[in-house]
Amino acid sequence: MGSLVLFLGIIFVSAIHSGHEPIASGREFVDPELIDKHEVFSKPGLHKVEGKDWDYELVFVVSAFNYNPGEVEIPKGAKVKIIATSRDVVHGFEIAQTNVNMMIEPGHISTFVKTFDKKGEYLLLCNEYCGTGHADMKSNIKVVD
Ligand code: CUA
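All figures in this text were calculated on a predicted structure; none of them were measured in a lab.

### Considerations on the pattern of salt bridges
Between side chains of opposite charge, a pair can form when the charged atoms approach closely.
Move 1: Under the counting rule described, the total for this entry stands at 5 salt bridges.
Move 2: Here Lys76 makes a salt bridge to Asp145, at a shortest N to O gap of 3.9 Å. Note that Lys76 is positioned in the loop between strand 5 (71-75) and strand 6 (78-86) and Asp145 in the segment after strand 11 (138-144), a separation of 69 residues in sequence.
Move 3: Looking at Lys76, the relative accessible area reads 45%, which means it is partly exposed.
Move 4: Residues Lys119 and Asp145 are paired through a salt bridge, measuring 3.2 Å at the closest nitrogen-oxygen approach. Placement of the pair is Lys119 in the loop between strand 9 (108-116) and strand 10 (120-125) and Asp145 in the segment after strand 11, with a sequence separation of 26 residues.

Here it is in structure tokens:
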């Protein structure tokens with residue numbers, strides 16, 4: 001009986017300890033004040049990259065109440081790493097009809113790797129209430145041949 005209690009105790013303690021570790025090891029940060037000088041965020045939009053596991057990087061700077069870029073074209077079949085941060089408050093980042101759904105926080109870099117293999121227009125919208133212009137926060141993602 002004593003060893004069972006000890007055993008459960010060890011599980012309990014290790015569960016608590018694992019809760020203190022960073023959830024994602026790749027968590028990255030950016031100073032919202034320095035976005036315009038940042039090597040990635042100073043150039044919002046789609047960029048072709050070489051030697052990575054993805055073909056393009058799609059950089060978004062999000063702020064109340066817009067996405068920059070407000071419209072983007074992606075070649076069909078492209079594997080894209082979306083990289084986003086917020087200038088001000090927490091915003092959502094949901095691309096309708098896809099599994100892309102992130103929370104964009106000031107000071108943090110959010111990423112999502114997605115292959116856009118279906119031609120069409122996809123609405124990017126904010127699904128976190130962020131103020132009076134929340135419902136108007138949109139961008140248009142066009143997947144083209
Ligand atoms: Cu941004 Cu709601």
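### A word on the environment of Gly45
Move 1: Within the element layout of this structure, Gly45 appears in strand 2 (residues 45-48).
Move 2: As a C-alpha pair, Gly45 and Val61 span 16 residues in sequence and 9.1 Å in three-dimensional space.
Move 3: Among residues more than four places away in sequence, those in contact with Gly45 are Glu57, Leu58, Val59 and Pro69.

### What about unusual backbone geometry?
Move 1: Cis geometry marks the peptide bond from Ala64 to Phe65; its omega dihedral reads 0°.
Move 2: For the peptide bond that leads from Asn68 to Pro69, omega is 5°, which places it in the cis range.
Move 3: Its place among the elements puts Pro69 in the loop between strand 4 (66-68) and strand 5.
Move 4: One non-glycine residue with positive phi stands out, namely Gln97, at about 70°.
Move 5: When you line up the elements, Gln97 lands in the loop between strand 7 (91-95) and strand 8 (101-104).

### Here's the deal with the nonpolar core
Soluble, globular proteins show a tendency: their nonpolar side chains are buried together.
Move 1: Membership of the largest hydrophobic core comes to 25 residues, with the highest contact counts inside it found for Phe60, Ile82, Phe93 and Ile95.
Move 2: For this core, the secondary-structure elements that each account for two or more residues are strand 3 (56-63), strand 5, strand 6, strand 7, strand 8, strand 9, strand 10 and strand 11.
Move 3: Excluding its chain neighbours within four sequence positions, the residues that come into contact with Phe93 are Phe60, Tyr67, Ile82, Ala84, Val100, Asn101, Met102, Ile104, Leu124, Leu125 and Asn127.
Move 4: The next biggest cluster of nonpolar side chains, apart from the first, holds 7 residues, and it includes Val30, Ile35, Phe41 and Ile109.

Analysis parameters
- Residues numbered from 1 in each chain as written.
- Predicted model: local features only at pLDDT ≥ 70, side-chain atom pairs only at ≥ 80, totals over all residues.
- Heavy atoms only, no water.
- Salt bridge = Lys/Arg side-chain N within 4 Å of Asp/Glu carboxyl O.
- Helix = DSSP H or I, 4+ residues; strand = E, 2+ residues; numbered from the N terminus.
- Buried < 20%, exposed > 50% of the residue type's maximum accessible area, 1.4 Å probe, protein only.
- Contact = heavy atoms within 4.5 Å.
- Core = buried A, V, L, I, M, F, W, Y, C linked by side-chain atoms within 4.5 Å.

Take it as geometry only, folks, not as evidence of what the structure does.
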